[in-house]
Amino acid sequence: RVSRPLPHGKEPHRTAPATEFLHDLALAFLHRMSSSSPTDDESAPSSPEPFDRPRHIRYFAHSLKALPAAYAHLDTNRLTLCHFAVHSLDLLGVLDDEDLLEKLEIRKDEIVNWIYSLQVSGHDVDDENKQRISRSSESKEYDTGGFKGGSFLGGPGAQYVKVTSDTVSDGSGYKCLPYEGFEYDHCHVAMTYTALCSLAALGDDLSRFDRSGAIQSLKKLQLDDGSFQCIHFGSENDMRFLFCACAISHTLNDWSGVDVDKAVDFIRSCRSYDGAISLLPGQEGHGGSTFCAISALTLMGKAEDILTEDGWRDELIRWCVSRQLGGMQGRPNKVEDTCYSYWIGGTLRLLGCDNVLDQEALTSFVLSCQTDMGGFSKVQGVYPDLLHSFYSMAWLSLSSSQGLNDLHCALGMRLAPSSIFEQFK
């Protein structure tokens, strides 16, 4: 049974446990009887709810400035939350509209500077401080480059000032102030990925990004089995972080930080009996990890070769299509969930066969999860959240049904700003 929120002050009607099943059965019978002889109006298929663009713009713009208290436990992932809001606004066309940005009081340059304040760059820490940090940390050596998720641990962060006549710069227009670093100041591969995508969406030229440091960091994060951990010590490792490493390498056009053969072998080892792909070997196949693996193979240029092995591609397509109930479920015997419209719909797009889906039904389900406050919920009748809101937007962009900007499916960002990465080719 799906519980729906009740009006304030109302108490739910209680039925005795022994009669609850009969109560539900009677309601279902009455509903069927009332709909068995529909009128002409009722017999017509219901239209999907209209896409409420202004309300979604307000939701994502507000989310950049303040979030409900329930997000407090995600303080370590602030960059990811920023990524969801920024890219949703980009898909909605807001970041190209200077008048609308001014009205919403969104300053792209301020967001860019905040993102760079979270950069952990070994180039900006002198040798003495690197040795001090290494001696007091579990890490064997100081991180070489990347981004952390937020300022949750306190301590100093990288600060940049615009170049004036009496300052020295590397040509980027900014100078990094003296930065000592501290022992818990570690970059996170997922935060580096979201930072790169967000900076591109905000129109930054990436001149302050420590490209070589980020690539060196990837070398430390890959494990012997080919997977990636998210930080340099004491970290989990799975398919999510392998995808992030491949996305970073692709955008920077530098694969020297990834052992591609080992990465491909790890993806092979996560193939499930039904063709889906798991987070780790031996686990159940899942829509999110399947997308991460297929996207990684696509970015590495290995998808066509690997998926032709033992009929894997056909098994995978069958598994993905079987997840549609109207909306998409992430695994067998689960409910529909808006984020899987992108994870699984995007997987099929990368495989070149998303036409096998009932896209009208899928889009209708996603639109039915819009909320009165803007954004999208996981399922109908609950509050929205940034993750499900962004991935709902991502699917609507792929479906080309709501006039949104085009999405780079494999990278999970708007297609047009991704051209900034051409400078690295």
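Before going into details, it helps to say that this report is about the structure given with it. (Residues numbered from 1 in each chain as written. Predicted model: local features only at pLDDT ≥ 70, side-chain atom pairs only at ≥ 80, totals over all residues. Heavy atoms only, no water.)

1. Some points on the overall build of the chain
Thought 1: Check the secondary structure of the chain and you find 17 helices and 6 strands.
Thought 2: Accessible area of the chain: about 21,000 Å², with a carbon and sulfur share of 51%. (Helix = DSSP H or I, 4+ residues; strand = E, 2+ residues; numbered from the N terminus. Areas by Shrake-Rupley, 256 points an atom, 1.4 Å probe, with all protein chains shown as cover.)

2. Details of helix H17 (residues 386-399)
Thought 1: In a regular helix each residue adds 1.5 Å, so 14 residues correspond to 20 Å; H17 covers 20 Å between its end C-alpha atoms and thus fits that length.
Thought 2: With 13 of 14 residues buried, H17 is to be regarded as a mostly interior element.
Thought 3: Where H17 begins, one side-chain oxygen reaches toward the backbone nitrogen of Leu387, 3.1 Å away; that side chain belongs to Asp385. (Expected span 1.5 Å × (residues − 1). Buried < 20%, exposed > 50% of the residue type's maximum accessible area, 1.4 Å probe, protein only. Polar contact = N/O pair within 3.5 Å; in protein donor to acceptor, adjacent residues only side chain to side chain.)

3. Here we look at the packing of aromatic side chains
Aromatic ring pairs: the centre-centre distance and the angle between the two ring planes describe each pair.
Thought 1: Under the definition given, this model contains 13 aromatic pairs.
Thought 2: Relative to Phe60, the ring of Tyr59 has its centre 5.1 Å away and its plane inclined at 75°; by these criteria the two rings are edge-to-face. Taken as a pair, Tyr59 and Phe60 share a single burial class, namely buried.
Thought 3: Both rings, one in Phe147 and one in Phe209, keep their centres 5.9 Å apart while their planes meet at 5°; by these two values the pair is stacked. Here Phe147, found in the loop between helix H7 (127-136) and strand S1 (160-162), pairs with Phe209, found in the loop between helix H8 (189-201) and helix H9 (211-221); they are 62 residues apart in sequence, far enough to count as distant. Each member of the pair, Phe147 as well as Phe209, is classed as buried.
Thought 4: Put simply, the rings of Phe84, Tyr193, Phe243, Phe291, Tyr342, Trp343, Phe390 and Tyr391 touch in pairs and so form one group of aromatic residues.
Thought 5: A cation over an aromatic ring shows up here: Arg323 above the ring of Trp319, its NZ or CZ 5.1 Å from the ring centre. (Phe/Tyr/Trp six-rings, centres within 6.5 Å; stacked < 30°, edge-to-face > 60°. Lys NZ or Arg CZ within 6 Å of the ring centre and 35° of its normal.)

4. Points about the environment of Val94
Thought 1: Mapped onto the elements of the fold, Val94 is located in the loop between helix H4 (78-91) and helix H5 (98-103).
Thought 2: Setting aside residues up to four positions removed in sequence, Val94 forms contacts with Ile57, Leu89, Leu100, Leu101 and Leu104. (Contact = heavy atoms within 4.5 Å.)

5. Here's the deal with the state of the cysteines
Thought 1: Considering all chains together, one arrives at 0 disulfides under this definition.
Thought 2: This cysteine, Cys197, is not joined by any disulfide, and Cys244 carries the nearest cysteine sulfur, 9.0 Å off. (Disulfide = S-S within 2.5 Å.)

6. Quick notes on helix H16 (residues 359-368)
Thought 1: Listed as buried for H16 are Leu362, Thr363, Phe365, Val366, Leu367 and Ser368.
Thought 2: Those residues of H16 that are buried lie in contact with helix H15 (339-350) and H17.

7. Notes on the nonpolar core
Thought 1: One finds Phe147, Leu218, Ile267, Leu297, Met300 and Tyr342 to be the most contacted residues of the largest nonpolar core, which totals 113 residues.
Thought 2: When near neighbours in sequence (up to four residues on either side) are disregarded, Leu297 contacts Val264, Ile267, Lys302, Ala303, Ile306 and Leu307. (Core = buried A, V, L, I, M, F, W, Y, C linked by side-chain atoms within 4.5 Å.)

8. Observations regarding the packing of H4 against helix H6 (residues 108-116)
Thought 1: Direction vectors running N to C along H4 and H6 enclose 150°, while the axes themselves pass 11 Å from each other. Classified by the angle their axes make, H4 and H6 are roughly antiparallel. As H4 runs across H6, the sense of the crossing is left-handed. Along the contact surface, H4 presents Arg78, Leu79 and Cys82, while H6 presents Ile111, Trp114 and Ile115. (Axes fitted to C-alpha atoms, helices over the stretch in contact; angles between N-to-C directions. Parallel < 35°, antiparallel > 145°, perpendicular 65-115°, else oblique. Left-handed = near helix turned anticlockwise from the far one by under 90°.)

9. Observations concerning unusual backbone geometry
Thought 1: Positive phi, normally seen in glycine, also occurs at Asn253, with a value near 55°.
Thought 2: Position of Asn253 relative to the elements: it lies in the loop between helix H10 (239-252) and helix H11 (260-269).
Thought 3: If you check the backbone angles, Asn333 has positive phi at about 65° while not being a glycine.
Thought 4: Mapped onto the elements, Asn333 comes out in the loop between helix H14 (312-321) and H15.
Thought 5: In this structure Asn333 comes out as exposed when scored by relative accessible area, which is 80%.

Geometry only, nothing functional implied.
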